[in-house]
Amino acid sequence: MSKDNFLYPRGRYYGQVKPENLVFNANLQEFAQRISYICNLETNGKLSPEDAYDQIKALWKQLKRTKKQLQIGENPFQESDDNSEDSGNL
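Residues numbered from 1 in each chain as written. Predicted model: local features only at pLDDT ≥ 70, side-chain atom pairs only at ≥ 80, totals over all residues. Heavy atoms only, no water.

**Student:** Help me out: how do you make sense of the overall build of the chain in this one?
**Tutor:** Looking only at helices and strands, the chain has 3 helices and 0 strands in total. Secondary structure elements of the chain, listed N to C terminal, follow the sequence α-α-α. Within the chain, contacts between residues separated by at least 24 positions form 50% of all contacts whose residues are at least 6 apart in sequence. (Helix = DSSP H or I, 4+ residues; strand = E, 2+ residues; numbered from the N terminus. Contact = heavy atoms within 4.5 Å.)

As structure tokens, then:
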């Protein structure tokens, strides 16, 4: 096991497999890992609450920007490959 795998573990992805979903999932896992580190540093007094808040806010903005760039959830009525055969049948 490498140091990076230990420090930055990745969980399996079970959702709809599309490139943008896989990229966003990886970004979301990294976001969660970094938030955990920030919270632990703040809890142990190594980081002030204000600094922790500012870092978390910056990470949140970065995640939102990534979501927008990947256009995750912007086409709620777009049919997936699983339902394409059923279109038009009521």
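**Student:** Which parts of the structure should I look at to understand the side chain of Gln-29?
**Tutor:** Looking at the element boundaries, Gln-29 is found in helix 2 (residues 19-43). At 2.7 Å, the side chain of Gln-29 and the side chain of Asn-25 are in polar contact. In this structure, Gln-29 is in contact with Pro-9, Arg-10 and Gly-11, ignoring residues within four places of it in sequence. (Polar contact = N/O pair within 3.5 Å; in protein donor to acceptor, adjacent residues only side chain to side chain.)

**Student:** Explain the confidence of the model for the chain to me, please; I cannot follow it from the model alone.
**Tutor:** A low pLDDT means the predicted coordinates there should not be read in detail. On average, residues of the chain carry a pLDDT of 85, and 81% of them reach 70 or more. Mean pLDDT per element in the chain: helix 1 (residues 3-7) is the minimum at 73, and helix 3 (residues 49-70) is the maximum at 97. (pLDDT = per-residue confidence, 0-100.)

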